[in-house]
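# Understanding the architecture of this molecule
Each chain is listed here by its residues.
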Amino acid sequence: MNNEQKKIMILWLKRALGFTAISLWLTIIYTISQSSAPFREQAPYCMISTMMIFAVLSMVFKGLEYWEKKA
């Protein structure tokens, strides 16, 4: 695989991962909001899930950027 193909593949991986992360986040937030618990009990789950999903996404993006620089 040449460098141009790697860069295009990394770009599309970033797009797909971003879309997947946002879709997963929206699904989890919707699921949490459907519970019968009051908002005060739902808020920590919303915050923790948001932090975990986007922390993993950030780590993967950093890895892809590192791979892109090497290409």
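Residues numbered from 1 in each chain as written. Predicted model: local features only at pLDDT ≥ 70, side-chain atom pairs only at ≥ 80, totals over all residues. Heavy atoms only, no water.

## Here's the deal with the overall build of the chain
This is how it is decided: Numbering of helices and strands starts at the N terminus; helices are DSSP runs of H or I of at least 4 residues and strands are runs of E of at least 2. Residue contacts are counted whenever heavy atoms from the two residues lie within 4.5 Å of one another.
Along the backbone of the chain there are 2 helices and 0 strands. Here the C-alpha coordinates of the chain stretch approximately 55 × 15 × 10 Å along the principal axes. Residue pairs at least 24 apart in sequence account for 71% of intrachain contacts in the chain once pairs closer than 6 positions are excluded.

## Points about the packing of aromatic side chains
Each pair of aromatic rings is reported with the distance of its centres and the angle of its planes. Worth spelling out the cut-off: When two rings of Phe, Tyr or Trp (its six-membered ring) have centres within 6.5 Å they constitute a pair, described as stacked for plane angles under 30 degrees, edge-to-face for angles over 60, and tilted for the intermediate range. Three exposure classes are used, based on accessible area relative to the maximum for each residue type with a 1.4 Å probe and protein chains only: buried under 20%, partly exposed in between, and exposed over 50%. We call a charge positioned over a ring when the NZ of a Lys or the CZ of an Arg lies within 6 Å of the ring centre and within 35 degrees of the ring normal.
Across all of its chains, the model carries 1 aromatic pair by this definition. Ring centres 5.8 Å apart and planes at 65 degrees place the aromatic pair Trp25 and Phe54 in the edge-to-face group. Here Trp25, found in helix 1 (residues 3-33), pairs with Phe54, found in helix 2 (residues 39-70); they are 29 residues apart in sequence, far enough to count as distant. On the accessibility criterion, Trp25 (25% relative accessible area) is partly exposed. Cation over ring: Arg15 sits above Trp12, and NZ or CZ is 4.6 Å from the ring centre.

## Details of the packing of helix 1 against helix 2
Where we set the bar: Helix axes use the C-alpha atoms of the stretch in contact, all axes being lines fitted to C-alpha atoms, and the angles between their N-to-C directions lie in the range 0 to 180 degrees. An angle below 35 degrees is read as roughly parallel, one above 145 as roughly antiparallel, one from 65 to 115 as roughly perpendicular, and any other as oblique. Under this grouping Gly is polar, as are all residues other than the nonpolar Ala, Val, Leu, Ile, Met, Phe, Trp, Tyr, Cys and Pro and the charged Asp, Glu, Lys and Arg.
Axis separation between helix 1 and helix 2 bottoms out at 10 Å; the angle between their running directions is 175 degrees. In terms of orientation, helix 1 lies roughly antiparallel with respect to helix 2. The class makeup of the residues in the contact of helix 1 with helix 2 is 20 nonpolar, 5 polar and 4 charged.

## A look at the pattern of salt bridges
As a reminder of what qualifies: We count a salt bridge whenever a side-chain nitrogen from Lys or Arg sits within 4 Å of a carboxyl oxygen from Asp or Glu.
Applying the stated criterion to the full structure yields 2 salt bridges. Glu65 is the salt-bridge partner of Lys14, the closest N and O atoms lying 4.0 Å from each other. Of this pair, Lys14 sits in helix 1 while Glu65 is found in helix 2, placing the two residues 51 residues apart along the sequence. Among the residues examined, Lys14 registers a relative accessible area of 16% and is labelled buried.

## Description of helix 1
Condition: Working rule for helices: expected span equals 1.5 Å times residues minus one.
Given a rise of 1.5 Å per residue, 31 residues ought to cover 45 Å, and the 45 Å separating the end C-alpha atoms of helix 1 matches this to within 8%. Along its buried surface, helix 1 packs onto helix 2.

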